[in-house]
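# Observations on the model geometry
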Amino acid sequence: MKKLLPMLFLLAGVNTFAQPCFETPKIWQSSNNGSATPINLASADFNGDGTPDLVVANQNAPMMSFLENQGGSFNLHQDFFSGNIPKAVSVGDYNQDGDKDVAVANFSSGNVMIFSGDGSGSFVPSYTIAPFPNVEYLNTGDFNGDNYPDLVAGSHNSPNINVYLNDGTGQFPSATSYNCVGGTPVYIASADLDSDLDLDLVVGTGGGSGFNVFKGNGLGAFTAPVGFPGNAWDVAIGDFNSDGKLDVAGSPKQGSG
């Protein structure tokens, strides 16, 4: 029997005078492990060639994969053991060595693993944040203004999000927990929503409870959340009506209406 391999696809944008459109999707293998299912990915230039590559969290296999961009095609470069059931990846230069690193949320292992990049597309595990049972959502941002990327993590099985501040060496020795209202975290995004130059958090809480906004103080702490109604499982932030203010878009879970 022919072995089926996990795949992901890309929609390549094409500029036209009429309207933006996309080419036919291109499909690439995301892992050498036939049990793997790509569930989350992030993009950055991991090998220093000036083009964006991909890292992929492969659910159902303990693999984080690096896909190298070669002229717009993505070739599977290497699988990296990341822990059981990786659910999310996030990118930052956590140890400030000039190379992009990857954080991986491992659902069943209950931890977040930091993989330090060497600038050539290879990674080594350098730090583990634990415990966080069933962790599955990550976001990276400089929450305390020290120019080191920090992390925030969440799980739909817990009402809390955990904020981990970088100690300046790429390690995250402690967590501060914040309770969501009206639901549990199902997506996390960050942006400066109130134009005070400090990052705030937007957390989708799903199931008809909308999303929470946590206002950041620029020192690594956040206020109690303000809840907004809706049905936001995934959230996106942008100035959608061109009024100079950031807006939040949310999408309901598939099949929920």
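Residues numbered from 1 in each chain as written. Predicted model: local features only at pLDDT ≥ 70, side-chain atom pairs only at ≥ 80, totals over all residues. Heavy atoms only, no water.

## Thoughts on the overall build of the protein chain
For clarity, the cut-off: For helices the rule is a DSSP run of H or I covering at least 4 residues; for strands it is a run of E covering at least 2, with both sets numbered from the N terminus onward. For every residue, the accessible area (1.4 Å probe, protein chains only) is compared with the maximum for its type, and the residue is labelled buried under 20%, exposed over 50%, or partly exposed between those bounds. Working rule for contacts: check all heavy atoms of both residues, and any pair within 4.5 Å makes them a contact. Methods summary: accessible areas were calculated by the Shrake-Rupley approach with a probe of 1.4 Å, and residue burial reflects only the protein chains presented.
Secondary structure summary: the protein chain contains 0 helices and 22 strands in total. Here the protein chain holds 257 residues, and 44% of them are scored as buried. Of all intrachain contacts in the protein chain linking residues separated by at least 6 positions in sequence, the fraction that spans at least 24 positions is 38%. Of the roughly 12300 Å² that the protein chain leaves accessible, carbon and sulfur atoms contribute 53%.

## Digging into the side chain of Asp150
Put simply, the rule is: In this tally Asp and Glu are treated as negative and Lys and Arg as positive; neither His nor the chain ends contributes. In the sections that follow, a salt bridge refers to a side-chain nitrogen of Lys or Arg positioned within 4 Å of a carboxyl oxygen of Asp or Glu. Here a polar contact is recorded for every N or O atom pair within 3.5 Å, except that within protein the pair must consist of a potential hydrogen donor and a potential acceptor, and residues adjacent in sequence are included only if both atoms are side-chain atoms.
Its place among the elements puts Asp150 in strand β14 (residues 150-154). For Asp150, which is buried and forms no salt bridge, the nearest opposite charge comes from Lys100, at a distance of 14 Å. At a separation of 2.7 Å, a polar atom in the side chain of Asp150 contacts the main-chain amide nitrogen of Asn166. What Asp150 contacts, discounting residues up to four positions off in sequence, is Asn139, Thr140, Gly141, Asp142, Phe143, Asn144, Tyr164, Leu165, Asn166 and Phe172.

## Some thoughts on the environment of Asn231
Mapped onto the elements of the fold, Asn231 is located in the loop between β20 (226-228) and β21 (234-238). Asn231 gets classed as partly exposed once you look at its relative accessible area, which sits at 25%. With 20 residues separating them in the primary sequence, Asn231 and Ser251 have C-alpha atoms 6.8 Å apart.

## Let's talk about the confidence of the model for the protein chain
Test applied: Think of pLDDT as the predictor's per-residue confidence, scored from 0 to 100.
Model confidence for the protein chain is summarised by a mean pLDDT of 88, while 89% of its residues fall at 70 or above. Within the protein chain, the element-level pLDDT minimum falls on strand β2 (residues 13-14), averaging 44, and the maximum on strand β10 (residues 101-106), averaging 98. Across residues 1-5 the pLDDT falls below 50, and counting only partners more than four positions away or on other chains, this stretch makes 7 contacts in the model.

## Structural notes on the pairing of strand β12 (residues 123-129)
Convention followed: Between any two strands, at least two bridges found by DSSP are needed for them to pair.
One ladder, built from 6 bridges, connects strand β11 (residues 111-117) with β12; its direction is antiparallel. Counterpart to Phe115 in the pairing with β12 is Pro125.

## Comments concerning the sheet that holds strand β9 (residues 86-92)
Inclusion rule: Geometry is summarised by axes, namely lines fitted to C-alpha atoms with helices restricted to the contacting stretch, and by angles between N-to-C directions that run from 0 to 180 degrees.
Taken in spatial order, the 4 strands of this open sheet run β9-β10-β11-β12, and their pairing is antiparallel. Strands at the two margins of the open sheet, each flanked by one partner only, are β9 and β12. Shown here is a sheet whose adjacent strand axes are inclined to one another by a mean of 25 degrees, direction ignored. Pairing of β9 with β10, which is carried by 6 bridges, proceeds in the antiparallel orientation. Bridged to Val91 within β10 is Val102.

## Some points on the pattern of salt bridges
Between side chains of opposite charge, pairing is possible as soon as their charged atoms come close. Summed over the entire model, instances satisfying the criterion amount to 2 salt bridges. Notably, a salt bridge pairs Lys215 with Asp194, separated by 2.3 Å at the nearest N-O pair. Here the residue Lys215 occupies a position in the loop between β19 (211-214) and β20, and Asp194 occupies one in the loop between β17 (187-191) and β18 (200-204), the gap between them amounting to 21 residues. Classification of Lys215 by relative accessible area gives partly exposed; the value is 34%. Note that Asp196 is salt-bridged to Lys215, the shortest N-O span being 2.8 Å. Of this pair, Asp196 sits in the loop between β17 and β18 while Lys215 sits in the loop between β19 and β20, placing them 19 residues apart in sequence. When salt bridges with common partners are traced through the structure, they connect Asp194, Asp196 and Lys215 into a single cluster.

## Observations regarding the packing of aromatic side chains
Both the distance between ring centres and the angle between the ring planes are used here to describe each pair of aromatic rings. Selection criterion: Aromatic pairs are defined between Phe, Tyr and Trp rings, using the six-membered ring for Trp, whenever the two ring centres lie within 6.5 Å; interplanar angles under 30 degrees are classed as stacked, those over 60 as edge-to-face, and all others as tilted.
Per the counting criterion, the structure on display carries 11 aromatic pairs. For the pair Phe46 and Phe123, a centre-to-centre distance of 5.6 Å together with 75 degrees between the ring planes defines the contact as edge-to-face. One end of the pair, Phe46, is in the loop between β5 (37-44) and β6 (53-59); the other, Phe123, is in strand β12, and 77 residues separate them in sequence. Residue Phe46 is classed as buried on the basis of its relative accessible area of 3%. Ring centres of Phe80 and Phe123 lie 5.5 Å apart, and the angle between their planes is 90 degrees; on these two criteria the pair is classed as edge-to-face. Here the residue Phe80 occupies a position in strand β8 (residues 73-81), and Phe123 occupies one in strand β12, the gap between them amounting to 43 residues. Of the two residues examined, Phe80 and Phe123, each falls in the buried class.

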